[in-house]
Amino acid sequence: MKPESDAWQALNRHAAAQLRGGFADRVLRAAHGPQPAAWRQLQTAGAAQLRPGFAERVIRAARAAADMPSLGSQFALSAATAALCVLAVVYFHQRNVAAADERNLAEWRQVVTVAEDFDAGLL
C-alpha cells in the first residue's frame, strides 16, 4: 500500500471511532425529512395555534395596504416625469448646439487664416 492510502485509512478509522452508534440512521432520517403523517400532525398543531378568521384578516390587510394611488398623485408623478424629460432634452440640445458652434467657429478661423495668407501673397 502507498503511504497516503495508509494515512487515509487511519483517518477513516479515527473519524469512525468518534461517531456515536446509529449516526448513519439519524443522517438518513434527517435527509429524507418527516413522513407524511408527521407533516399532517405539524399542520394540525400549527392550525390549532391560529385564531379563527386569521386568513381573512391577512387578506383584508394586504388588500388595504395595496390601495391604488389617487388620481392627483398619478397626475403629479406624470407632470414631474414630463418636466424632467423636457429638462433633459433642453440640456442635451444646448450642449449639442454649443459643440456645433465651436466646431463651426474653428473651421471658419481656418478659412480666415487661409484667406489672410492668400491676400498677403503667401499662397
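Rules of the game
Every chain's residues receive numbers from 1 upward, in the order its sequence appears when written. In view of the model being predicted, local features appear only for residues whose pLDDT reaches at least 70, and side-chain atom pairs are presented and counted only at 80 or more, with totals across whole chains, interfaces and linings using the full set of residues. Side-chain measures here rest on the full set of heavy atoms in the structure, leaving out hydrogens and waters. Strands here are runs of E lasting at least two residues and helices are runs of H or I lasting at least four, both read from the DSSP assignment and numbered beginning at the N terminus. Using C-alpha atoms as the atom set, the radius of gyration is obtained and then compared with a globule rule of 2.2 Å times the number of residues to the power 0.38. To pair, rings of Phe, Tyr and Trp, with the six-membered ring standing in for Trp, must have centres within 6.5 Å; the planes then decide the type, stacked if under 30 degrees apart, edge-to-face if over 60, and tilted in the middle. In this scheme, a helix's expected span is set at 1.5 Å multiplied by one less than its residue total. Here, patches come from residues exposed beyond 30% relative accessible area and free of salt bridges, joined within 9 Å for like charges and within 5 Å for nonpolar side chains (Val, Leu, Ile, Met, Phe, Trp, Tyr). In this description, accessible areas are obtained by the Shrake-Rupley approach with a 1.4 Å probe, and a residue is regarded as covered only by the protein chains that are shown. For salt bridges, the criterion is a side-chain nitrogen of Lys or Arg within 4 Å of an Asp or Glu carboxyl oxygen.

A.B. asks: How do you make sense of the overall build of the protein chain when you look at a structure like this?
C.D. replies: For the protein chain, the helix and strand inventory stands at five helices and zero strands. Ordering the α and β elements of the protein chain from the N terminus gives α-α-α-α-α. In terms of overall size, the protein chain is more extended than a compact globule, its C-alpha atoms giving a radius of gyration of 41 Å where 123 residues would be expected to give roughly 14 Å. Its C-alpha atoms give the protein chain principal-axis dimensions of about 110 × 70 × 20 Å.

A.B. asks: For this particular structure, what's the right way to read the packing of aromatic side chains?
C.D. replies: Working definition: an aromatic ring pair is given by the centre-to-centre distance plus the angle between the planes. Counting across every chain of the model gives one aromatic pair. Relative to Phe92, the ring of Tyr91 lies with its centre 5.2 Å away and its plane at 70 degrees, an arrangement referred to as edge-to-face.

A.B. asks: Is there a simple way to think about the environment of Ala98 in this case?
C.D. replies: Residue position: Ala98 is located in helix 5 (residues 71–119). Distance in space between the C-alpha atoms of Ala98 and Arg60 is 58 Å, their sequence separation being 38 residues.

A.B. asks: How do you make sense of helix 5 when you look at a structure like this?
C.D. replies: The α-helix winds at 3.6 residues per turn, so residues separated by three or four positions along the chain end up facing the same way. In this model helix 5 runs 71 Å from its N-terminal to its C-terminal C-alpha over 49 residues, within 8% of the 72 Å that 1.5 Å per residue would give. Just downstream of helix 5 lies Gly121, where phi reads positive at about 85 degrees.

A.B. asks: Would you mind going over a nonpolar patch on the surface with me for this structure?
C.D. replies: On the surface, Leu19, Phe23 and Val27 cluster together into a nonpolar patch covering about 240 Å² of accessible area. Mapping Phe23 onto the fold places it in helix 2 (residues 23–32).

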